Amino acid sequence: MIFLLNIITHIMIILGIIGLIFYISYAVHKEQEMFEKVILIISSMTGFLIYFGARALGLSIPSMMMSFVSMANPVKMTFFAIIIPWSVGTIVAWYFSWCLKKHIDIAFRIVILISAFIVTLFSDVYAASYTVSINGEIDTSLLPNLTFTVGMGLYIILNYKHR
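Not measured: the values here are computed from a predicted model. (Residues numbered from 1 in each chain as written. Predicted model: local features only at pLDDT ≥ 70, side-chain atom pairs only at ≥ 80, totals over all residues. Heavy atoms only, no water.)

On to the pattern of salt bridges, then. Under the criterion given, the structure shown has two salt bridges. Put simply, Glu36 and Arg109 hold a salt bridge, and the shortest N to O gap is 2.6 Å. With Glu36 in helix α2 (residues 34-56) and Arg109 in helix α5 (residues 105-128), this pair connects stretches of sequence that are 73 residues apart. Residue Arg109 is classed as partly exposed on the basis of its relative accessible area of 23%. One salt bridge connects Arg55 with Asp124, and the closest N-O pair in it is separated by 2.1 Å. (Salt bridge = Lys/Arg side-chain N within 4 Å of Asp/Glu carboxyl O. Helix = DSSP H or I, 4+ residues; strand = E, 2+ residues; numbered from the N terminus. Buried < 20%, exposed > 50% of the residue type's maximum accessible area, 1.4 Å probe, protein only.)

Here's what the structure looks like:
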């Protein structure tokens, strides 16, 4: 049963990554003006490069997250591996929704930049989770990605109004 839960968790995280990539691609493709399309592409590339620039400077969010997940102290692990990623996911979803309602060009460019940054971070944390052995237990190394996705998903489900 635990193996099945781990597989489902991996599938959901991969779908979250694919969903964000689809969102970025759709947003760029949907844009009518060619110059704005180029700016959105530059914005997505900048989000990607900001993340890897931070990695080049030695700021590794995945290694930080893996150290928080492997903590023996359950209170610290809950705070750093569950509460903070969930909160960030909720804030990002709120900002996405706000920007979509306002139709502000710069805000939408920032949404694309943040989305590209998150896709890169999400993929890096997911790849780093493979270095943690699970020994037949629930894979807690996936908690940061999982709780981020849950926070983002719950906010969008409960607050975004299409009609």
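Now for helix α6 (residues 143-159). Taking 1.5 Å as the rise per residue, α6 with 17 residues should run 24 Å; its terminal C-alpha atoms sit 24 Å apart, in good agreement. For α6, every residue scored as buried is listed here: Leu143, Pro144, Asn145, Thr147, Phe148, Gly151, Met152 and Tyr155. (Expected span 1.5 Å × (residues − 1).)

In this section: the confidence of the model for the protein. When pLDDT is averaged along the protein, the result is 78; 83% of the residues meet or exceed 70. Here helix α3 (residues 61-69) is the element of the protein with the lowest mean pLDDT, 67, and α2 is the one with the highest, 90. (pLDDT = per-residue confidence, 0-100.)

Glancing now at the side chain of Thr120. As for its position among the elements, Thr120 is in helix α5. Using a relative accessible area of 9% as the deciding quantity, one classes Thr120 as buried. Once residues lying within four places of it in the same chain are set aside, the contact partners of Thr120 are Phe48, Tyr51 and Phe52. (Contact = heavy atoms within 4.5 Å.)

With that settled, consider the nonpolar core. Among the nonpolar cores identified, the biggest contains 24 residues, and Leu20, Val92, Phe96, Ile112, Phe148 and Met152 are the most heavily contacted of them. Among the secondary structure elements, those contributing two or more residues to this core are α1 (2-30), α4 (74-102), α5 and α6. The dominant element in this core, judged by the number of residues it contributes, is α5, at nine residues. (Core = buried A, V, L, I, M, F, W, Y, C linked by side-chain atoms within 4.5 Å.)

Per the counting criterion, the structure on display carries seven aromatic pairs. With 4.9 Å between their ring centres and 55° between their planes, Phe48 and Phe52 make a pair best called tilted. With a gap of four residues between them, Phe48 and Phe52 both fall in helix α2, about one helical turn apart. Looking at Phe48, the relative accessible area reads 40%, which means it is partly exposed. (Phe/Tyr/Trp six-rings, centres within 6.5 Å; stacked < 30°, edge-to-face > 60°.)

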